Amino acid sequence: MDHSDHARCPNCSSNMVYDIKLGALKCESCDSVFTVNEYEEILKNKKSKNADSFSRGAKVDDSDEFFDAENLKRSYTCSSCGGQLTPGAVAATLTCPFCGNDIVFTDKYKTQRMPDFIVPFQMDREDFIKTYREELKSRLFVPDDFISGAKLEKVKAWYIPFWLYDLTVKGSASYQVEDVKKHGKNSYKHQVYEGSAGGELTFSNIPQDGSREVDDRVSQRLEPFPVDHKRKFNFAYLSGLDAKIYNVDSNECITRVKVRARESMDRFLSSAHEHKYYRVTDRKYDMKPNGISYALMPLWNMEIQWKGSTFPFTMNGQTGKCVAKFPISWKKFYACILSSLWMLSCFLAWISTLEAFVRTKDSIKGVGLLCFGYCWLMSSFFPRYLFSRNLNSSISSSLFFIIGCYFIYLTYCGKIDWAYFLISFALGLFTIIMVNVYVVYKEVKDQNKIELRTSCDNNITLKVASTVYHHELAKTKSTGNTSSIINGKEWKPEL
Ligand SMILES: [Zn+2]
Ligand SMILES: [Zn+2]
């Protein structure tokens, strides 16, 4: 009894692997290409002609004869070379380390529910590494020695088990929503509405990964998982790639899905998208599952080793969306703030020479002023070039800065209005610190933030709602900030 499959070339009997770019099985020796359907046909013919065990893979070891569904750690013997294989509990594929044959342990899937369909990879290894390089380039504060010295390890094309839920949520909710509008200088008008609505939402294919080895935060950040390119499940798709079986069942996963569906219903019934904040005060929902499919979804994953730490990098193998956590170089971060500060002080120096020029109307100083202004403009790109690692442009922009300094020297000739200069410098300093520290810091933090999703608005396929009432509450008031006065959640579209 065979417990696994090995995709063998019908022409030369060599190992065949699934080629992502071709979307078909390709022989490693003679380059023959077969689509999964063609291979399936050939296999059927061979079987009917009694060419038994054509796709022979590996057999469960004799010592492990009394296995059951729980005992997934059993070992196998490769049918081609007799080598012992221990794929582990959840791995469903392995390349035999002795003969190089790619084996799919079909029995592992057969002891569980079989996948309903598979979404094949559209992005290959090259695309994955390219996405990694692009992502690295877009992050300005990654340490330089990470870029040059990090080791990319365990690059894997994973088929991850996913549960896809179809749900209908019916019910009604009472809610409060809040609008915030600018109202004079440093004042915001908060308008609060109260309402009640009833309705129905239909969701389809809300994904939840069924693998403990994959961080739910990561798999949720990689959504959406479109199913337009789904194929009928066939073991041939797994040949040469890595696949897992599920170890979290559909009943366990549904809890998380229900929380997300409830939040989507809250957002929908309160018409949260028309307001800044929303808060549901009372709800009565009835959730009915319409079906659960089991699908294998493609994920590229690797581990980046740097200075003793591991940074995972994962990509949706269909859409190319990626999730990454990279280290932040605080040295670079502060250098960026300081260099922006430097550029700003040059700008202020220029403004103060302008003021001197208006007073004296000296045309030679005017020319010097224009030249300095131009040099300043060119040199202000310096931080940008520096942090996008464009060395030539950083050097030329810093040269412009030196020329600019010479012009400012000529313009002033020692007659600087220090009071004017210092006041504008202090003001500028304050502004730049606010902008840089807040905006840049927030961006750097957001880039590395990997969180669970709270709703599943992207999976809504049908909406029916009726509003019972919706009117403004006497709560309206003005405050000096935009934070919610009803303690509501901020509405943000789902990414
Ligand atoms: Zn061949
Ligand atoms: Zn072998």
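Let us look at the structure shown here. Note that this is a predicted model, so its numbers are computed, not measured.

## A look at the coordination of the zinc ion (ligand 1)
- Protein coordination of the zinc ion (ligand 1) is provided by C9 (SG), C12 (SG), C27 (SG) and C30 (SG), with donor distances spanning 2.2 to 2.3 Å.
- Seen from the zinc ion (ligand 1), its four donor atoms lie at angles of 100 to 118°, and the figure they make is tetrahedral.
- Considered as a linear motif, the donors of the zinc ion (ligand 1) on their single chain read C-x2-C-x14-C-x2-C.

## Describing the coordination of the zinc ion (ligand 2)
- Here the zinc ion (ligand 2) is held by the protein donor atoms C78 (SG), C81 (SG), C96 (SG) and C99 (SG), which lie 2.2 to 2.3 Å from it.
- In this structure, the zinc ion (ligand 2) is coordinated by four donor atoms arranged in tetrahedral fashion, with angles at the metal of 105 to 117°.
- For the zinc ion (ligand 2), all donor residues lie on one chain, and their spacing in sequence is C-x2-C-x14-C-x2-C. Remark: C99 occurs in the loop between β8 (93–95) and β9 (102–104) and C81 occurs in the loop between β6 (76–78) and β7 (84–85); sequence separation between them is 18 residues.

## As for the nonpolar core
- Ranked by internal contacts, the top residues of the largest apolar core, which has 72 residues, are Y109, F146, F203, L238 and F326.
- Residue contributions to this core peak at 10 residues, all from strand β11 (residues 151–182).
- When residues of this core are assigned to domains, at least three map to each of domain 1 (5–111) and domain 2 (125–328 + 452–490).
- Ignoring anything within four residues of it in the chain, the contact list for F326 reads Y132, E135, L136, R139, V142, F146, I304, F311, F313 and N448.

## So, the pattern of salt bridges
- As enumerated under the stated definition, the model contains 15 salt bridges in all.
- Here D266 makes a salt bridge to R283, at a shortest N to O gap of 2.8 Å. Here R283 lies in strand β15 (residues 277–306) and D266 lies in helix α6 (residues 250–269), a separation of 17 residues in the sequence.
- The partly exposed category is assigned to R283, whose relative accessible area is 29%.
- Across the pair D457 and R267 runs a salt bridge whose closest N-O atoms are separated by 2.8 Å. One end of the pair, D457, is in the loop between α11 (418–447) and β18 (460–472); the other, R267, is in helix α6, and 190 residues separate them in sequence.
- The structure contains a network of salt bridges with shared partners spanning E223, R260, R453 and E494.

## As for the layout of surface pockets
- Considered as a void within the structure, the largest pocket measures approximately 1,000 Å³ in volume.
- Elements that contribute at least two residues to the lining of the largest pocket include exactly α3 (125–138), α6, β17 (322–324), α11 and β20 (489–490).
- Two domains each donate at least three residues to the lining of the largest pocket, and these are domain 2 (125–328 + 452–490) and domain 3 (330–447).
- By volume, the second largest pocket is sized at about 540 Å³.
- Taken together, 26 residues make up the lining of the second largest pocket; nearest its centre are W158, E213, N301, E303 and P312.
- Elements represented by at least two residues in the lining of the second largest pocket include exactly β8, β11, α5 (216–221), β14 (242–243), β15, β16 (309–316) and β17.
- Looking at the lining of the second largest pocket, the element that brings in the most residues is β16, giving four residues.
- For the lining of the second largest pocket, a count of residues per class yields 12 nonpolar, five polar and nine charged.
- Split by domain, the residues of the lining of the second largest pocket number at least three in each of domain 1 (5–111) and domain 2 (125–328 + 452–490).

Rules and cut-offs
Residues numbered from 1 in each chain as written. Chains lettered and ligands numbered in written order. Predicted model: local features only at pLDDT ≥ 70, side-chain atom pairs only at ≥ 80, totals over all residues. Heavy atoms only, no water. Donors = N, O, S within 2.8 Å, 3.2 Å for Na, K, Ca; no water. Tetrahedral: all angles 85-135°; square planar, octahedral: opposite > 155°, others 65-115°. Helix = DSSP H or I, 4+ residues; strand = E, 2+ residues; numbered from the N terminus. Core = buried A, V, L, I, M, F, W, Y, C linked by side-chain atoms within 4.5 Å. Buried < 20%, exposed > 50% of the residue type's maximum accessible area, 1.4 Å probe, protein only. Domains from an automatic or database assignment. Contact = heavy atoms within 4.5 Å. Salt bridge = Lys/Arg side-chain N within 4 Å of Asp/Glu carboxyl O. 1 Å grid on protein atoms, 1.4 Å probe; cavity = no way out; pocket = protein on both sides within 12 Å on 5 of 7 lines; lining within 4 Å. Points joined across faces, edges and corners; volume = space filled by probe spheres on them. Nonpolar A, V, L, I, M, F, W, Y, C, P; charged D, E, K, R; others polar.

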